[in-house]
Every structure is written in C-alpha cells, then in structure tokens.
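# Chains, contacts and geometry: an overview
One-letter residues, chain by chain:
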Amino acid sequence: MNAQRPSGRLGRPVDPAKEAKILEAARSAFLEHPYDRISMDALASRAGVSKVTLYAKYKSKDQLFVAAMSVGCNQIYERAMLEAEAGKPLAETLLRLGVDFVTMMLEPEISALHGVMMQALATRPELPRAFFERVVHRSTQILADALALANKRGEIACDDHYRAAVQFIAMVQGEFRYKQELGIASGVDEAELTTFVASCVQVFLRGYAKTPR
C-alpha cells in the first residue's frame, strides 16, 4: 500500500544530497524487486532517510518511481530551454538535445525501468499515464517553449510549437528505439548517432524554415 502523508507536510524542500540518495536507492530497488512488493518504508530505509524526509518530497511510490525515471530527461530538456533563452543557435541546441536524449533513452537502466513500468500496468494502470504527463509531456512542452523563442527570433516559422516538438523528438529516435525494444541493439555508435541526429535537425529546420515575404 502507498500510505499518504499528512497533507500539511507535502512539498517541504529536501536537501539535494538526500534527494539524490533517494532517487538512486529507488532506481536500484525498482530494478531488483517486483513493483508491488516495494513499500515506501523499505525505500526510505534503503536510502538511509526517515519516512518524514521521503514523504516530504514524494507523496506516493508512483510519484517516486516517475521521478527516478525522469532525472536525466529533465536535465536534457531544461538545458535546451536555458540555451534558447541565452540565444544559442537552434541547430546546435537541437543537435545536442537529440544526441543526449537518444543516448539516455538507450541506457540499459532506463530501458529496464521502462519494462518495470509496463509490467506493473496490470495493477497500476495509472502509472504509465503519470509518467507520460510528468515526464513525456513536460519534456515536450519545455522543447516547445524553446522552439517558441526560436520562432520569435526568426530562426523558424511555426504556428504549433508543441506539435513541432513532438515531431522532432519522434524523428531523432529513428531505428534506435525499435532495435532496443526488440532486443537487437548492440550499443550506440556515437558517430552514427550524431550523424543521424544532425540529418534530422537539417530536415526539421528546412520544414520550418521562415519563408521570405
């Protein structure tokens, strides 16, 4: 069961070092044991923190699982927004984001956690939706906001930034994700990935090129 903390304590800040320990412990626990057999008490003990500290940041096991899966993803997309705000050329930002995102997506641990989530689907049907809303949708929206800034600067001409973000994210995954899901991936060739993502960036920018008046 995922016991709920008193609502008055939800949202209290947690020391970054403790939060990192919690997420690391959660990842390893979710990979080692069936999802439904892991309790918040056990996760707190594994992370070496009190239940009060754990619940101060995560009100449920589902929320903690989603957070554990989203650590690298959040950083990749938030960096893209920072680059957009700093005025970095969109082509450079998209290339870096695409390579980093696919590399992260193909990490064995991330792939394994995705498998854990799908195995838990029968008893936790809300978990994939929470993952989509808090990770997939959030990341896509961050990229959409970055594209909106590029649009204002005249780098692209786009009237639906979210749709454009979805298109780019889908495009850069190419065959890499299919090979991973089918179990035929033998690692990522960095040069091959960079070349592929660079071609995706070119196609994307041509498709959303600002047409002269």
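What comes next is a walk through the structure. (Residues numbered from 1 in each chain as written. Predicted model: local features only at pLDDT ≥ 70, side-chain atom pairs only at ≥ 80, totals over all residues. Heavy atoms only, no water.)

## Thoughts on the environment of A47
What counts here: Only DSSP runs of H or I covering at least 4 residues are called helices, and only runs of E covering at least 2 are called strands; the numbering of each starts at the N terminus. Type-normalised accessible area, obtained with a 1.4 Å probe on protein chains alone, sets the label of each residue: buried when under 20%, exposed when over 50%, and partly exposed for intermediate values. Pairs of residues are marked as contacts when any of their non-hydrogen atoms sit within 4.5 Å.
Among the secondary structure elements, A47 is positioned in helix α2 (residues 40-47). Note on A47: relative accessible area 4%, which makes it buried. Taking C-alpha positions, A47 is 26 Å from F132, a pair spaced 85 residues apart along the chain. Non-local contacts of A47, meaning those with residues more than four positions away in its chain, are made with K21, I22 and A25.

## Description of the packing of aromatic side chains
Counted only if it meets this: Each Phe, Tyr or Trp ring, with Trp reduced to its six-membered ring, pairs with another whose centre is within 6.5 Å; inter-plane angles below 30 degrees give stacked pairs, above 60 give edge-to-face pairs, and intermediate values give tilted ones. By definition, being over a ring means that NZ of Lys or CZ of Arg is both within 6 Å of the ring centre and within 35 degrees of the ring normal.
The tally for this structure, following the rule as stated, stands at seven aromatic pairs. An angle of 15° between the planes, with centres 5.4 Å apart, marks the rings of F30 and Y35 as stacked. Just as F30 is buried, Y35 falls in that class too. Aromatic rings pair up to connect F30, Y35 and F65 into one cluster. Above the ring of Y35, the side-chain terminus of K61 is found at 4.4 Å from the ring centroid.

## Quick look at the pattern of salt bridges
In plain terms, the rule: We count a salt bridge whenever a side-chain nitrogen from Lys or Arg sits within 4 Å of a carboxyl oxygen from Asp or Glu.
One pass over the structure, following the stated rule, counts 15 salt bridges. With a shortest N-O distance of 2.6 Å, E109 and R27 are connected by a salt bridge. Residue E109 is found in helix α6 (residues 108-119), and its partner R27 is found in helix α1 (residues 16-32); the two are separated by 82 residues along the sequence.

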